[in-house]
4 protein chains.
Amino acid sequence: MPKISEAQRETRRQQILDAALVCFSRDGFHNTTTADIVRESGVSQGTLYLYFATKDDIVVAFADDRRQREMFLDAVAQSEQDPIQGLLALIELHGMSLRDAKRLDGRRVGVQAWAEALRNPRIHASVVEGLATVRATIERLIERAQAAGQIRPEVDPEGVSRTLVAVFHGMVLQVAWGEPLDLSACGPVIRGMIDGLLTAKGRQSIPA
Amino acid sequence: MPKISEAQRETRRQQILDAALVCFSRDGFHNTTTADIVRESGVSQGTLYLYFATKDDIVVAFADDRRQREMFLDAVAQSEQDPIQGLLALIELHGMSLRDAKRLDGRRVGVQAWAEALRNPRIHASVVEGLATVRATIERLIERAQAAGQIRPEVDPEGVSRTLVAVFHGMVLQVAWGEPLDLSACGPVIRGMIDGLLTAKGRQSIPA
Amino acid sequence: MPKISEAQRETRRQQILDAALVCFSRDGFHNTTTADIVRESGVSQGTLYLYFATKDDIVVAFADDRRQREMFLDAVAQSEQDPIQGLLALIELHGMSLRDAKRLDGRRVGVQAWAEALRNPRIHASVVEGLATVRATIERLIERAQAAGQIRPEVDPEGVSRTLVAVFHGMVLQVAWGEPLDLSACGPVIRGMIDGLLTAKGRQSIPA
Amino acid sequence: MPKISEAQRETRRQQILDAALVCFSRDGFHNTTTADIVRESGVSQGTLYLYFATKDDIVVAFADDRRQREMFLDAVAQSEQDPIQGLLALIELHGMSLRDAKRLDGRRVGVQAWAEALRNPRIHASVVEGLATVRATIERLIERAQAAGQIRPEVDPEGVSRTLVAVFHGMVLQVAWGEPLDLSACGPVIRGMIDGLLTAKGRQSIPA
DNA sequence: TATGAATGAGACTTCATTCAT
DNA sequence: AATGAATGAAGTCTCATTCAT
């Protein structure tokens, strides 16, 4: 029987992850030492390894955590009655996320995870699955809209999903770099992209 | 007083950079040792330091090299008589670059540089300047198109440039990750985005 | 005040020692962690330290355990009426012990204890005392045989005891290493060594 | 082209091994840190790893070194005209080696290698091969003596070789433990063992 | 008594950089 | 200029031991 409850264990784990997030954001994965995380989190070296088998596992934990948020996005987008509204909601949610200063550290670590994904198979898997999840969400919305006659039938759902995800990623990069990204200026451009896919009927479902 | 000619020196330098590119692409910046580069390049450990003061300088050299390509893009885009054609040419050039398998290593290293830019001031400066260069190119084209009545006056050039650059970056990510990105499916979506900016007159300048 | 009986305590202690024997035999003293012993024994980390003050004490416990077996050997050997028969019985007992596959773990741990004895004073003391015990047994037999005119008076009991013990130790080594030691081939050689010590009268006491 | 000569490299390597021998003899393999060897040898941590890939390789180097000495023993033993003389020479050489105080560290490390051989495959291989070498030497002498009618034909060469090697090993143990081993007292016992193998003709070849 | 989570000192190894040749 | 052996600081991870529950 465990001496500490599952909740206590999870709290401790999160305490370490929170500290690691600060360190990773500030110094990068590779320039963060386990000693840094220990200092920032207040747990001991030994305890760190009671919760994560290797330093690498801490990095992977971040990549995996993000997956959950993407599941949530999907649920919100699909819950919209109108698929066009669902697409716009997705775009809106991404925008809100980008504006949220509290998530800056997470974004900075996320960008590093993108680079790590190039050579770390576990992170690659996590990133690619996340990409697939978001794309599936988008493609399902588009197919629903095509079935409803709101998006032109010749539109390729994959082309749209990949382009839209590219925009999302690219915006995260700019925000992570500290660029003064004016989302209210980009929004119309992105919505214009969606607009280009619509049939006359589709346009009617967008509120002025 | 140098005993070797400037040309010899440049050849040697490039030999090191070529080797480093292979290593960085394969293992990442941080998991590449100077010994790896030495092995791959055939120069000696000592010689490496005759050409680059630190390992970090090799990384920075890649970031700086990219700047030159961006200058070239600008020249091509601006040389088009019609600014709308210039925009489309820019998009086309990026697409061709993405399709070029020979540049895969460069793209993989580029993505790593994006992550490095978060904490390495020199790389950050280089990346941000590159971003500014491309954006300036796009914004100049848009402003010219607005002056010519081809793009609606209320369009915000910065919003467009940031969004377009975001798409470019996002596509690079997907290609770097090995995603089966079908550019011919994405092209129409991106061009649709441009199309949404145009006036009736602007549309006339696009060939069928 | 102990809340468990002495018998329960001894059972627990033995449970730990049995587990340690398996671990030590498999991985060696130094490559066995207390966690290994905990896993193998089923007791908890904390409990381990209720029975042994340090990991080292577990090692010492093995060395001490062996002493008891050596006492037993002495009793058997001395109980023989004829000292020559006693010597041969001693040799026979060692041979039987070596043939006993159940004692393999013990032998492997014993060999490690020999190495430990070089730098661990407690183990050194234990090993050296064990050596002295066996030698005393042998020397007493020889002296009795000399008094009875069975062994030549010029034979040095210490030379014999040291040589005989050396053979015993060396055989243990070979068996521990997994060598295919044919004891029935070695027996005659060792008995021949004893034979060389005997007087004509001594030889009469050996059965054909 | 290497910057240092093979001889210089070998000197350096030996310098490390000499230091390691002192440390291993004093503290044992497992209680010797690479820092200890560095301190004792005067080379730097980094240099240590220029000559030995791991700490374990240093240990293995000792085991391998011993093999060479055993080759030498073989050569000496076989060079004797009379195989009985060869056997006695072998015993004599071992005795002389045991008496040599300068080799005490080597013996102490050797005993540790015997224990290591139980779980380290490389050391096991080295030890077992050494054992086989010495045994082969002995068995060849015995077979030659049997062919010459000096040793009784029913004597099993393997039984003799294993027993004799066991005596050698056991004596090394006693000396390593610091026991006051009087070899001149043991010599007659061992020679008596050989004597027991001989035919009348064989006995003639031994000088008084 | 028994537990097992927590501790932190310390081990092995790597690697960017230097410098005598 | 070129070489490559040498350096030593620093990093990740382990593990014997403790102690609050």
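A few points on the structure.

Conventions we followed
- Residues numbered from 1 in each chain as written.
- Chains lettered and ligands numbered in written order.
- Predicted model: local features only at pLDDT ≥ 70, side-chain atom pairs only at ≥ 80, totals over all residues.
- Heavy atoms only, no water.
- Axes fitted to C-alpha atoms, helices over the stretch in contact; angles between N-to-C directions.
- Helix = DSSP H or I, 4+ residues; strand = E, 2+ residues; numbered from the N terminus.
- Parallel < 35°, antiparallel > 145°, perpendicular 65-115°, else oblique.
- Contact = heavy atoms within 4.5 Å.
- Nonpolar A, V, L, I, M, F, W, Y, C, P; charged D, E, K, R; others polar.
- Expected span 1.5 Å × (residues − 1).
- Polar contact = N/O pair within 3.5 Å; in protein donor to acceptor, adjacent residues only side chain to side chain.
- Buried < 20%, exposed > 50% of the residue type's maximum accessible area, 1.4 Å probe, protein only.
- Near = heavy atom within 4 Å.
- Buried area = accessible area lost by both parts, 1.4 Å probe.
- Salt bridge = Lys/Arg side-chain N within 4 Å of Asp/Glu carboxyl O.

1. Focus on the packing of helix H8 (residues 157-176) of chain C against helix H8 (residues 157-176) of chain D
If you want to describe how two helices pack, look at the angle between their axes and the distance between the axes.
So, step 1. Across the interface, H8(C) lies against H8(D) with an axial gap of 6 Å and an inter-helix angle of 105°. Overall, the two elements H8(C) and H8(D) adopt an arrangement that is roughly perpendicular. Residues C:Arg162, C:Thr163, C:Val165, C:Ala166, C:Val167, C:His169, C:Gly170, C:Met171, C:Leu173 and C:Gln174 of H8(C) lie in contact with H8(D), whose contacting residues are D:Arg162, D:Thr163, D:Val165, D:Ala166, D:Val167, D:His169, D:Gly170, D:Met171, D:Leu173 and D:Gln174.
So, step 2. Here the residues of the contact of H8(C) with H8(D) sort into ten nonpolar, eight polar and two charged.

2. Digging into helix H7 (residues 121-147) of chain A
All names here are of chain A.
So, step 1. Helix length check: H7 (27 residues) gives 38 Å between terminal C-alpha atoms against 39 Å at 1.5 Å per residue, within 8%.
So, step 2. The backbone nitrogen of arginine 122 lies 3.0 Å from a side-chain oxygen of the residue at the head of H7, namely asparagine 120.
So, step 3. Residue glycine 149 follows H7 closely and has a positive phi angle near 75°.

3. Focus on the environment of A:Gln112
Residue and element names in this part refer to chain A.
So, step 1. Residue position: glutamine 112 is located in helix H6 (residues 104-116).
So, step 2. Glutamine 112 gets classed as buried once you look at its relative accessible area, which sits at 7%.
So, step 3. When the C-alpha positions of glutamine 112 and glutamate 154 are compared, they lie 37 Å apart, and in sequence the two are 42 residues distant.
So, step 4. Within the structure, glutamine 112 has its side chain in polar contact with the backbone oxygen of phenylalanine 24 (distance 3.0 Å).

4. Description of the protein's contact with DNA strand F
So, step 1. Lining the immediate environment of DNA strand F, one finds 39 residues, of which A:Tyr49, B:Thr47, C:Thr34, D:Lys3 and D:Thr47 sit closest.
So, step 2. B:Thr47 places a side-chain nitrogen or oxygen 2.5 Å from a phosphate oxygen of DNA strand F.
So, step 3. Between B:Tyr51 and DNA strand F, the recorded distance is 3.4 Å, taken from a side-chain N or O atom to a phosphate oxygen.
So, step 4. Sorting the residues of the surface near DNA strand F by element identifies helix H3 (45-51) of chain A, helix H1 (6-27) and helix H3 (45-51) of chain B, helix H3 (45-51) of chain C together with helix H3 (45-51) of chain D as the ones contributing at least two each.
So, step 5. Its residues assigned to classes, the surface near DNA strand F comprises twelve nonpolar, 19 polar and eight charged.

5. Quick notes on the interface of chain B and chain A
So, step 1. Opposite the 43 residues of chain B that make contact, chain A presents 43 residues.
So, step 2. Per-residue buried area on chain B facing chain A is highest for B:Leu118, B:Arg162 and B:Trp177; these three make up 21% of the total on that side.
So, step 3. Put simply, chain B and chain A have two salt bridges between them.
So, step 4. In this structure, B:Arg162 engages A:Glu179 in a salt bridge whose closest nitrogen and oxygen atoms are separated by 3.0 Å.
So, step 5. Contributions of two or more residues to the side of chain B that touches chain A are made by H1, helix H6 (104-116), helix H7 (121-147), helix H8 (157-176) and helix H9 (183-195) of chain B.

Any link to function would need more than the numbers given here.
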